[in-house]
Amino acid sequence: MGRGKLRIYLGAAPGVGKTYAMLSEAHRRVERGTDCVVGFVEHHDRPRTEVMLHGLEQVPRRALEYRGSTFTEMDVDAVLRRAPAVALVDELAHTNVPGSRNAKRWQDVEELLAAGINVVSTVNIQHLESLGDVVESITGVRQRETVPDEVVRRADQIELVDMSPQALRRRMAHGNIYQPDKVDAALSNYFRPGNLTALRELALLWVADRVDEYLNEYRSQHKVSAIWGSRERIVVGLTGGPEGRTLIRRAVRLAEKGAGGEVMAVYIARSDGLTSASPKELAVQRTLVEDLGGTFHHVVGDDIPAALLDFARGVNATQIVLGSSRRKAWQYVFGPGVGATVARESGPDLDVHIVTHEEAAKGRGLPVARGARLGRSRIIAGWLVGVAGPVALTLLLNTVRLGLANDMLLFLALTVAAALLGGLLPALASAAGGSLLLNYFYTPPLHRLTVYDPKNMVAIAIFVGVGVSVASVVDLAARRTHQAARLRAESEILSFLAGSVLRGETSLEALLERVRETFGMESVALLERTSEVDPWTCAGSAGLGAPVERPEDADVDVPVGDHMALALSGRVLPASDRRVLAAFGAQAAVVLDRRRLQEEAEQARALAEGNRIRTALLAAVSHDLRTPLSAIKAAVSSLRSDDVAWSEEDQAELLAAIEEGADRLDHLVDNLLDMSRLQTGTVTPLIRGIDLDEVVPMALGGVPEDSVELDIPETLPMVAVDAGLLERAVANLVENAVKYSPLGTPVVVSASALAERVEIRVVDRGPGVPDDAKERIFEPFQRYGDAPRGAGVGLGLAVARGFAEAMGGTLNAEDTPGGGLTMVLTLRAAGGPHDLARQAEAERQTT
């Protein structure tokens, strides 16, 4: 049975109609005869949505008890047993009630998909994990229920359920989303036009990016090389010169004129070198383009205009930005330049912008200084000079008689010119042809290929020898220059590779993508196996159609160590590229090993933390659990003893000791359970708007009446908290403060409002804590100073901070003026633009 398909309805905000669209799709499928059931759908008391559930089979939900209340969640086992063709599962980012099969609903969906069941689900854009910071900056709320982006990206179909902010606010005003008593608060807070517009833009852009991925995949599969201008993509050609910063800023301004524009800066290092490139300047330009939201790319290409155009077409770019040439006017005799060539060959679907800058026409040095190997044009010119030159010179010398010595010098100059232009072979041809023409036309006897005078024979021999020698030297210099330029290009790539390591770019996929991009390949994969007989497995890949089964299936495979290989598809690379490719392969192996070591280190760190906690727990429990048990045991044994007649006062004292020991055990067990919940991440706060004067007094039940002074003004705003967690946190703080306060000096518990926050301060006059220990006291099983063993196992403050952070607050320690310690618990005030969404989410979890 294959894996099921996932369809997701994505919305910008609650109430846009995601669940309604999902149920409509279900009815259409049922009418077509598809076996479709409702795994979990929440209609939120919206009549029109509730009506859509009629006629659909619903799998009974699973009831769970949690903190004295009953909750219902999707029964994954029941859905698996029913095995429908399609299951509807609402609210993909939902956090399941503790005790459920999985912590998150998207994990339930993954099980259904793995069982071959198709799933239709819904999610809001604010629940995507990568957008948490952006959504918080817009709405002021940090979404605690999130789903990894990759889960949504892997969906087979994503459909945007869109609605304008005005239409959504009308739906809200008509009571189609929330109850009438909540409409005014919603419209003035979370559902403000600005918030809804920003969330809608996020949803549209995210879906556009996903559509763009589909488009690139289609173009790659169907070998579409033509540019489809679906969105503005601007490629900036960098040379490493100082004008690069101007080009980047200009390209960014062009991209900002159209929605969703992208900027990709590319530096092309060619195998024949580019002396004007400054590594320092390239690093600055890379930082600049990334700071402005673009990407930097490093590509190797022998023909710079062709490589630039290939890159632009490969990324489906619509515009190219280049700088005006820095060459002087006379240097154009060596060619039209990169800008002119790119503009001529770009075609009608790719616009080219030539941007002026301060460095234009200031010169870049002679082309000869580049150390380029002889190109095709120079070789052709060399053959013309070497073959046609001696004939033309002979015709000229037949009209003007200069003497044999001058004739030989002119033919020698022609041979040297052929060597300088075309290298060895044209020079040899010039020397051979020139010697024959000298012998036939200018050495006695004329018009015969014989030489009477031995001196003339020596002169012709010297002429041929000098010509061959000069040609050999020129060709050798060209080869050596090419090798040096090649090594220069390789060193630039290796320097960039080393710089990426120093910058912490340790993603294997990013490195493989860099390999694919650098060598212009279609796909790259890193394959490994444990032994010579085991099958190959893919450790990472980039591009479409990567060879993931065997290195032999690829166009290029480079062994990396004994049991690893780098496989590339797209074209056959020359042998000279394999050295750099091997360096990339070695770096990929290092990145893979580092990633695995990090994973092992994380596992070891978790195990070490668990061992540390268990060791501390055993050490603490060995005394702190035994002491109250011993006291209870002794008191009970005394009461049951028949040898002593206890008075009523003595019996009351023994019973009080039993009760005190039981309370200590109860407090200890509560803290241990709370710490266990925090360590396993199962604390799920139910956030509501609460008055502090309803919760804080209840937290003082475990301390003597006269030990605390309470100052909670009635004018304080409500706080968005979980009442149970807040009570436990305040109780631990107060008990800790009372424990260290001098006798007769009460602990002060006060509260005050500050902007959108509310602070609870627990002030004691005890010995205080030094600054370097203020953070350590919040670690589990920590006691400060000479606290007696009976003072507890050191979990109270750790639990209090954990609960505070779970509710979106903070807990810190400060010095009390005049001596002592002040615990500052900061909470979010209710009534902000996000609180209605929080309260609605809490109500949904409880219904």
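Quick caveat, the model's predicted, so the values are computed rather than measured. (Residues numbered from 1 in each chain as written. Predicted model: local features only at pLDDT ≥ 70, side-chain atom pairs only at ≥ 80, totals over all residues. Heavy atoms only, no water.)

1. Things to note about the overall build of the protein
- For the protein, the count of helices and strands is 25 helices and 24 strands.
- Counting the 847 residues in the protein, one finds 46% classified as buried.
- Contacts in the protein between residues far apart in sequence, at least 24 positions, make up 71% of those at least 6 positions apart.
- Carbon together with sulfur atoms contributes 56% to the accessible area of the protein, which is approximately 41400 Å² in total. (Helix = DSSP H or I, 4+ residues; strand = E, 2+ residues; numbered from the N terminus. Buried < 20%, exposed > 50% of the residue type's maximum accessible area, 1.4 Å probe, protein only. Contact = heavy atoms within 4.5 Å. Areas by Shrake-Rupley, 256 points an atom, 1.4 Å probe, with all protein chains shown as cover.)

2. A short note on helix α23 (residues 723-740)
- Helix length check: α23 (18 residues) gives 26 Å between terminal C-alpha atoms against 26 Å at 1.5 Å per residue, within 8%.
- Inspection of α23 places L725, L726, A729, V730, A731, N732, L733, V734, N736 and A737 among the buried residues, and these make up the whole buried set.
- N-cap assignment for α23: the residue whose side-chain oxygen lies 3.0 Å from the backbone N of G724 is D722. (Expected span 1.5 Å × (residues − 1). Polar contact = N/O pair within 3.5 Å; in protein donor to acceptor, adjacent residues only side chain to side chain.)

3. Digging into the confidence of the model for the protein
- On average, residues of the protein score 77 in pLDDT, and 77% of them reach the 70 mark or higher.
- Averaged pLDDT values for the elements of the protein fall to 46 in helix α25 (residues 835-846) and rise to 94 in strand β6 (residues 86-89).
- In this model, residues 363-372 is a region of pLDDT below 50 whose contacts with residues beyond four sequence positions or in other chains number 25 contacts.
- Confidence over residues 833-847 falls short of pLDDT 50; this stretch has 48 contacts with residues more than four positions distant or in other chains. (pLDDT = per-residue confidence, 0-100.)

4. Side note on unusual backbone geometry
- With a phi angle near 50°, A83 is a residue other than glycine that sits in the positive phi range.
- Considering the arrangement of structural elements, one finds A83 in the loop between α3 (76-82) and β6.
- Even without a glycine there, the phi angle at E91 is positive, about 55°.
- Tracing the backbone through its elements, the reader meets E91 in the loop between β6 and α4 (105-114).
- E91 sits in the buried class, given a relative accessible area of 16%.

5. Here's the deal with the packing of helix α15 (residues 404-422) against helix α16 (residues 424-441)
- Running from N to C, α15 and α16 point in directions that differ by 165°, and their axes come no closer than 7 Å. Between α15 and α16, the interaxial angle falls into the category roughly antiparallel. The hand of the α15/α16 crossing is right-handed. Residues L404, D407, M408, F411, L414, T415, A418, A419 and G422 of α15 form the contact with α16, whose participating residues are L424, P426, A427, S430, A431, G434, L437 and L438. (Axes fitted to C-alpha atoms, helices over the stretch in contact; angles between N-to-C directions. Parallel < 35°, antiparallel > 145°, perpendicular 65-115°, else oblique. Left-handed = near helix turned anticlockwise from the far one by under 90°.)

6. Digging into α4
- A large share of α4 lies buried, amounting to 7 of its 10 residues.
- Listed as buried for α4 are R105, W106, D108, V109, E110, L112 and L113.
- Positive backbone phi, approximately 90°, marks G116, located one or two places after α4.

7. Focus on the sheet that holds strand β11 (residues 295-300)
- Taken in spatial order, the 5 strands make up an open sheet running β11-β10-β9-β12-β13, and their pairing is parallel. The open sheet terminates on both sides in strands that have one partner only, identified here as β11 and β13 (351-355). For this sheet, the mean angle separating the axes of adjacent strands, direction not counted, is 25°.
- Note that strand β12 (residues 319-323) and β13 share 5 bridges and pair parallel. Bridge pairing in β13 links I320 to V352. (Pairing = 2+ DSSP bridges.)

8. Some words on the side chain of S430
- Relative to the elements of secondary structure, S430 occurs in helix α16.
- Here S430 falls in the buried class, since its relative accessible area comes to 1%.
- At 3.1 Å, the side chain of S430 and the side chain of T415 are in polar contact.
- Filtering out sequence-adjacent residues up to four positions away, S430 remains in contact with G386, P390, L414, T415 and A418.

9. A closer look at a negative patch on the surface
- A cluster of acidic side chains, namely E648, E649, D650 and E653, defines a negative patch on the protein surface.
- You can see D650 is positioned in helix α21 (residues 648-680).
- The exposure class assigned to D650 is partly exposed, which follows from its relative accessible area of 31%. (Patch = residues over 30% accessible without salt bridge, like charges linked within 9 Å, V, L, I, M, F, W, Y side chains within 5 Å. Salt bridge = Lys/Arg side-chain N within 4 Å of Asp/Glu carboxyl O. Lys, Arg positive; Asp, Glu negative; His and termini not counted. Charge placed at Lys NZ, Arg CZ, Asp CG, Glu CD.)

10. Some details on the sheet that holds strand β19 (residues 708-711)
- In space, the 5 strands of this open sheet follow the order β19-β21-β22-β24-β23, with mixed pairing throughout. The sheet is open, and its two edges are formed by β19 and β23 (810-815), each paired on a single side. Between one strand axis and the next, the sheet turns through 20° on average, direction left out of account.
- Relative to strand β24 (residues 821-828), strand β22 (residues 757-763) runs antiparallel, the two being bridged by 7 bridges. In the sheet register, V758 faces β24, and the bridge partner there is L827.
- Sheet strands in contact with helix α24 (residues 796-806) are β23 and β24, and its direction is about 130° off that of β23.

11. What about the environment of V89?
- Along the polypeptide, V89 turns up in strand β6.
- Exposure remark for V89: the relative accessible area of 0% places this residue in the buried category.
- In this structure the C-alpha to C-alpha distance between V89 and V119, which are 30 residues apart in sequence, comes to 6.8 Å.
- Beyond its immediate chain neighbours, meaning those up to four positions away, V89 contacts M22, F40, M74, R105, V109, L112, V119, V120, S121 and T122.

12. A word on the nonpolar core
- Residues L692, L726, I760, M823 and L825 are the most contacted members of the largest nonpolar core, which totals 45 residues.
- Sorting the residues of this core by element identifies α22 (692-695), β20 (719-721), α23, β21 (747-754), β22, α24, β23 and β24 as the ones contributing at least two each.
- Looking at this core, the element that brings in the most residues is α23, giving 8 residues.
- With residues near it in sequence (within four places) discarded, I760 still touches L692, V696, L726, V730, V749, S750, A751, M823, V824, L825 and L827.
- L6, L92, L202 and A203 belong to the second largest nonpolar core, which has 36 residues in total. (Core = buried A, V, L, I, M, F, W, Y, C linked by side-chain atoms within 4.5 Å.)

13. Describing the pattern of salt bridges
- Scanning the model with the defined rule gives 22 salt bridges in all.
- A salt bridge links R3 to E110, with the shortest nitrogen-to-oxygen separation between them at 2.9 Å. Note that R3 is positioned in the segment before β1 (6-11) and E110 in helix α4, a separation of 107 residues in sequence.
- Its relative accessible area of 19% is what places E110 among the buried residues.
- For the salt bridge of E25 with R28, the shortest nitrogen-to-oxygen distance reads 2.7 Å. On the criterion of helical spacing, the pair formed by E25 and R28 is a turn pair, its members being 3 residues apart in helix α1 (residues 18-31).
- Judged by its relative accessible area of 39%, R28 is partly exposed.

14. Things to note about the packing of helix α12 (residues 304-314) against helix α13 (residues 338-345)
- One can describe the packing of α12 onto α13 by two numbers: an axis separation of 9 Å at closest approach and a directional angle of 45°. One element, α12, and the other, α13, form an angle in the oblique class. Remark: the crossing between α12 and α13 carries right-handed chirality. Only V338, T341, V342 and E345 of α13 make contact with α12, whose side of the interface consists of I304, P305, L308, L309 and R313.
- Here the residues of the contact of α12 with α13 sort into 6 nonpolar, 1 polar and 2 charged. (Nonpolar A, V, L, I, M, F, W, Y, C, P; charged D, E, K, R; others polar.)

15. A short note on the environment of V207
- Mapped onto the elements of the fold, V207 is located in helix α9 (residues 193-221).
- Using a relative accessible area of 12% as the deciding quantity, one classes V207 as buried.
- Once the C-alpha coordinates of V207 and I158 are considered, the two residues, 49 residues apart in sequence, prove to be 7.8 Å apart.
- Non-local contacts of V207, meaning those with residues more than four positions away in its chain, are made with L10 and L160.

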